[in-house]
Amino acid sequence: MNTPTPRWQRRKDARPAEIIEAALSLFVERGFAATRLDDVAKLAGVTKGTVYLYFANKEELFKAVVRETVLPNIESGETLLAEHQGRWADLLWTLLERWAERMEQSASTGISKLMIAEANNFPELARFYVEEVVIRSRKLFANVIERGIAAGEFRPVDVALATRAVISPLMMIKVWKQSFSLCDTEPVDLRDFARFHYELMLQGLQAR
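The shown structure was predicted, so the numbers you read here are calculated from the model rather than taken from an experiment. (Residues numbered from 1 in each chain as written. Predicted model: local features only at pLDDT ≥ 70, side-chain atom pairs only at ≥ 80, totals over all residues. Heavy atoms only, no water.)

### A short note on helix H8 (residues 123-150)
Taking 1.5 Å per residue, 28 residues should reach 40 Å; H8 reaches 37 Å between its end C-alpha atoms and fits that length. The sharpest bend along H8 measures roughly 40 degrees and falls at Val130. A positive phi of about 80 degrees marks Gly152, the residue just after H8. (Helix = DSSP H or I, 4+ residues; strand = E, 2+ residues; numbered from the N terminus. Expected span 1.5 Å × (residues − 1). Bend = angle between axes of the 7 residues up to and from the residue.)

Here is the structure:
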């Protein structure tokens, strides 16, 4: 009978991904402050020393988690924007739909709640998250709205405010679900909410 190979004997290039996966799980479950590198190492099946081979400290590990699990989703949206041909309203819905599906399925969306809860205690991490994730996400949606205005598809609006109006409700619903799912007697499907929110937003954005 073959004995399974311990995780720490696997290829070295697999170790960072395993550490990041373990860190994501613990960050989302416990928060940044309560997550210990010893526990990350244990969950990843490596020694704490191995964690330090790839990440200088917990802050750098957190940044790697964001870059490896959150930023690819933004990058895919930026690719859709660059390749889009057709109605900008359609792209707006595609982005919202994908975002809602990802919120329902991916553990990485729990990072948003973590940052909301712990930003004041870790201002440098908050600044990193805003610069790497928040601003880039806003820019993506702002570009869609700006191009829709330029094409005459959307009416002229304050793009910065419109961008926040598009993004914020989905974020609020996700944080609500993560915080109160055990006691909420009327849970909301994020994709259903995204569709309703999109149709509502479109009524305000469409050129008359």
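Don't stop here, the text continues.
### Quick look at the confidence of the model for the protein chain
Low-pLDDT portions of the prediction should not be read for the details of their coordinates. Chain-level statistics for the protein chain give a pLDDT mean of 91 and a share of 93% at 70 or above. The lowest-confidence element of the protein chain is helix H9 (residues 159-180), averaging 91 in pLDDT; the highest-confidence one is H8, averaging 97. Note on residues 3-8: pLDDT under 50 across the span, and seven contacts to partners over four residues away in sequence or across chains. (pLDDT = per-residue confidence, 0-100. Contact = heavy atoms within 4.5 Å.)

### Focus: the packing of helix H4 (residues 58-69) against H8
Close contact between H4 and H8 brings their axes to 11 Å; oriented N to C, the two are set at 20 degrees. Here H4 lies roughly parallel to H8, going by the angle between them. Where H4 crosses over H8, the two elements pack in a sense that is right-handed. Within the contact between the two elements, H4 uses Glu59, Phe62, Lys63, Val66 and Arg67 and H8 uses Leu125, Phe128, Tyr129, Glu132 and Val133. Residues belonging to the contact of H4 with H8 are distributed by class as follows: six nonpolar, no polar and four charged. (Axes fitted to C-alpha atoms, helices over the stretch in contact; angles between N-to-C directions. Parallel < 35°, antiparallel > 145°, perpendicular 65-115°, else oblique. Left-handed = near helix turned anticlockwise from the far one by under 90°. Nonpolar A, V, L, I, M, F, W, Y, C, P; charged D, E, K, R; others polar.)

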